[in-house]
Amino acid sequence: MEKVSDSPSLAGREIELAIGGMTCASCAARVEKRLGKLEGVTATVNYATEKAKVSLPPGLDPQQLVEQVEAAGYTAVLPARESSDEQEPEPEDPVRPLRDRLVVSAALSAPVIVLAMVPAWQFTYWQWISLVLAAPVVVWGAWPFHRAAWANLRHGAATMDTLISMGTLAAFLWSLYALLFGTAGTPGMTHPFELTVQRVAGDGNIYLEVAAGVTTFILAGRFFEARSKRRAGAALRALLELGAKDVAVLRDGREQRIPIDQLAVGDHFVVRPGEKIATDGVVEEGSSAVDASMLTGESVPVEVTAGDAVTGATVNAGGRLVVRAVRIGADTQLAQMAELVEDAQNGKAEVQRLADRISAVFVPIVIALAIATLGFWIGAGGGATAAFTAAVAVLIIACPCALGLATPTALLVGTGRGAQLGILIKGPEVLESTRRIDTVVLDKTGTVTTGQMSLVGVHLADGADEDEVLRWAGAAEHASEHPIAQAIARGARERVGELPAVEEFSNTEGLGVQAVVDGRAVLVGRPALLEQWSQPLPDELVTAQESAERAGRTAVAVSWDGAARAVLEIADTVKNGSAEAISQLRELGLRPVLLTGDNGTVARTVAGEVGIDEVIAEVLPQDKVEVITRLQRDGRVVAMVGDGINDAAALARADLGLSMGTGTDVAIEASDLTLVRGDLRAAVDAIRLSRRTLATIKGNLFWAFAYNVAALPLAAFGLLNPMIAGAAMGFSSAFVVANSLRLRRFRTSTTGTPATGSATREPALATSSDA
C-alpha cells in the first residue's frame, strides 16, 4: 500500500477513502464498524461507489484509517491530492476482469454441462476432459467468491459468497476424490440418464457440471450488477463538465481567450449572447437576460445589469456582458453543487442484497445439516465413505445455481420492458425503495411543466384585432434573442402564419423592443416602455396586466400608432398528462409534493392545475436537499422526480431518484430511474414496473432455494445422484428464467398516448377584449 506523503495535513477534517475488495453491502457495514473503532472517527461507507467518507479528529494520522481497513481484510487508498482542480485519472475499469472471467468460464463450462447431462456423448475418458475444463472455472473463475468467503470466515460472517465457495469447492473436491481414489476415473464410466431415488456409491459419481455451472451463472449475475454499479460516480463528472472550457479575458483592453483554469479572481471576462458564463462573478458592463433555470429552477430568464451577481455555467441569453470573476474553482456554486451530489450519494442508505440476507441464515443451517449427516451415518455404522458421501452431497446440493440468475434475469427482462416504455432502471439496488416510498417530491420546471415559455393569453383593448396584434408583435419580437420575445414570436407564428418583415429594429435593454412593421411604429415590452413614449395602458389592459402577474405570469404590452393595443400573457405551461399522473400517483398510495425554486405564486398556480396540495417554493439547490432530508427525518420514504442540475443533489439524496430524460445529464446520472419520455406519467409506470420487478426477484430467490432445499433430504440420506443434482440445477434455473419472462407482459397505465416520445400540451390562447 502506497503511503501519501502529505497525509498528516489531512487530519482534523473530512476525507474520502477509496475502498477495495467489498463484495456486498455487509462488507460496507463491516468496514464502517471497523473505522468507527478509532476514537473520534465517524465513517459512512457506500458499497455502490466504493468510497468511505470519514471525519477525523485533530491529530489522528489518516494512515491509521488505511491500516484499520486492511486489518478488516479490504484495501483503502487515501486521496493523493486535495484541493486540486484537475480530475484524477480514472482507475482501471473493474467490470473488465469480471467480464473476462465470465467469458472464459462460460466457454469452459458449456461442454462440461453438456457431457454430464447427455449420456450418449459420454465418450471414453470424458470425465477427465471435464476435470481439465472445470478446474480453471472453479479455481480461477470462482476466485473472487473464494477470496470473499475467506474474508467473511475471518469475521465470523456468512454471505452468498460463502455459499457459492462452499458448494463449488465441495462439488469439485469430491469429484476429484472420486476420479483419483474412487471408481469414477475408470475408462467407460458414464452417468446414466435416470432420476431414480436410490442409494449410490458416492465414489463413483462426479459433480463437475454443478461446480462449473454454478460459478458461471453467479459470475453472469455479478457482471450485470457491476456494470450498473460502475455509473455511480458519473453524476459528478457530468456536473463538473458543465462549466465553460475557455474564457475571453480582457487584458490591456484586448480580448484574449484562455483555458478556464487560468482565470483568476478579479479578472474581467466577456460573455457574448449564447455563451456560458465562465465562473461566478459580478457584471461590470452591459445588460442581458441570463437563463439560470438549471441552477435555480426559475423558468423566466433573470434580467441582469451592472452590479448584479451572475453564476458560472448559466447561459447568457441576451446582450454582451463584461463580468468580474469573484469565485473560481472549488469555491463556485457549480463546484459546491457537485459536492452536494457527492455527499447525498455517500449518505444514501444501501439496501442489503436479498441473497446475502438469505445466505446468512441458510449457510449455517446447511453446515449444521452436513455435520449432522456425517455424525448420523458414522453413528449408524454406515462407514466413513458413506458418511462423507452423504455429508458432501448436502453441501453440493445446497449451492443453487439459480441464485446467480434470480436477480439478473428479472432485471434484464424488467429493464428491457422498461426501455420499451421509456424507463431506464439503473440496477437491482434501487428496486427495494420503490416498494417502500410513500411521498413523491416533484420539481416544477421541466417535470410538471414544459420548462419553455409560451404565449398563453391575449387581452385586447377596445377596437384591437387579435390577428393584427399577434402579427405585428410577433414580427417585432422575432428579431430579438430574448426567451420571452421568442415565445411571443413562436406563438404568433403558430396562430397567424408567416410574419411580416421588420424595419428599423432597436432593443431597449431591460424594457423591450421597438420596430417598424408594415409602416407602423410598434412597441412591445414592459408597460414602462410604453409610458416612456406617452402611451399608457387603458384601464382594461391594466386590469389584465395585474391579473396575469397575480397568476405568476409575465405581462407584455403591445402598442402602435401612439396607443396601447393589447397585453400578452407569457408563462411556462403544464405538460400534457401531468394532472393524470398526479391522480395515478395518489392511487398508488403516494403523497405528491411540488418543490421548486420558482416563486410561490407561480408554484401554487401550477399545483392547482394538476391537483397537488402541498407546495414548497423559492427553494435553492442546497435547500432542496434539506427539504428531502427533513421529510426523511419525519419518517417519510421519499421519491424525487426532477430534470435540472439544481435537482441533482436532491435526486441523489432521495430514497428513490427519478429523472426526466429530457433534462440534464447530471440529473440523469444522479438518479436511480430515468424517464426517457418527457411525460410525468412515465414516473407512475416506473414505480409500478420496479415494484413488479422486485416481486419477481423475490419469487426467483425463493424458488432458487426451494428446489435445492427439497433435495437436501435426498442428499442427507445418501440418495443423491448426479442426475438429480443436475436436474435440480436445471429445473430451478428454467423456472427462474420463465418467471422473469412474465415481466414482458407488463403494460403501461398511460391512456391515449404512445409508449415512446414526449407529449406536451399546446397552450391554448386565452383571448379577452375586456379583461
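Everything numeric in this text was worked out from a predicted model, so none of it was measured.

(A) Summary view of the overall build of the protein. When its secondary structure is counted, the protein shows 26 helices and 27 strands. With 771 residues in all, the protein has 54% of them scored as buried. Within the protein, counting contacts between residues at least 6 apart in sequence, those at least 24 apart form 72% of the total. Accessible surface, the protein: about 31800 Å² in total, of which carbon and sulfur atoms supply 55%.

(B) Main features of the UniProt feature "transmembrane region" (unreviewed entry) in the protein. Within this structure's numbering, the places UniProt gives as "transmembrane region" (unreviewed entry) are residues 102–119, 125–143, 163–186, 206–224, 358–380, 386–413, 700–717 and 723–741. The distance from the first to the last C-alpha atom of residues 102–119 is 27 Å, and the span holds 89% helix and 0% strand. Counted over residues 163–186, helix gives 79% and strand 0%. Its end C-alpha atoms are 31 Å apart.

(C) Main features of the nonpolar core. Ranked by size, the top nonpolar core spans 54 residues in total, and within it Ile206, Leu208, Phe362, Val366, Val394 and Ile396 carry the most contacts. Ranked by residue count, the leading element in this core is helix 6 (residues 160–181), at 10 residues. What Val366 contacts, discounting residues up to four positions off in sequence, is Met166, Val394, Leu395 and Ala398. If you look at the next biggest cluster of nonpolar residues, it comprises 45 residues, including Ile423, Leu431, Val448 and Ala682.

(D) Representation of the environment of Thr305. For Thr305, the position within the fold is in the loop between strand 10 (302–304) and strand 11 (309–310). Sequence separation of Thr305 and Val283 is 22 residues, and the distance between their C-alpha atoms is 6.3 Å. Here Thr305 is in contact with Val283, Gly286 and Ser287, once residues within four sequence places are set aside.

(E) Quick peek at helix 3 (residues 95–117). Taking 1.5 Å per residue, 23 residues should reach 33 Å; helix 3 reaches 32 Å between its end C-alpha atoms and fits that length. At Ser109, helix 3 is deflected by roughly 30°, the largest bend along its length, and proline Pro111 occurs up to four residues later in sequence. All buried positions along helix 3 are accounted for by Val95, Leu98, Arg101, Leu102, Ser105, Ser109, Val112, Leu115 and Ala116.

What counts as what
Residues numbered from 1 in each chain as written. Predicted model: local features only at pLDDT ≥ 70, side-chain atom pairs only at ≥ 80, totals over all residues. Heavy atoms only, no water. Helix = DSSP H or I, 4+ residues; strand = E, 2+ residues; numbered from the N terminus. Buried < 20%, exposed > 50% of the residue type's maximum accessible area, 1.4 Å probe, protein only. Contact = heavy atoms within 4.5 Å. Areas by Shrake-Rupley, 256 points an atom, 1.4 Å probe, with all protein chains shown as cover. UniProt positions renumbered as here; feature names shortened; annotations may be inferred. Core = buried A, V, L, I, M, F, W, Y, C linked by side-chain atoms within 4.5 Å. Expected span 1.5 Å × (residues − 1). Bend = angle between axes of the 7 residues up to and from the residue.

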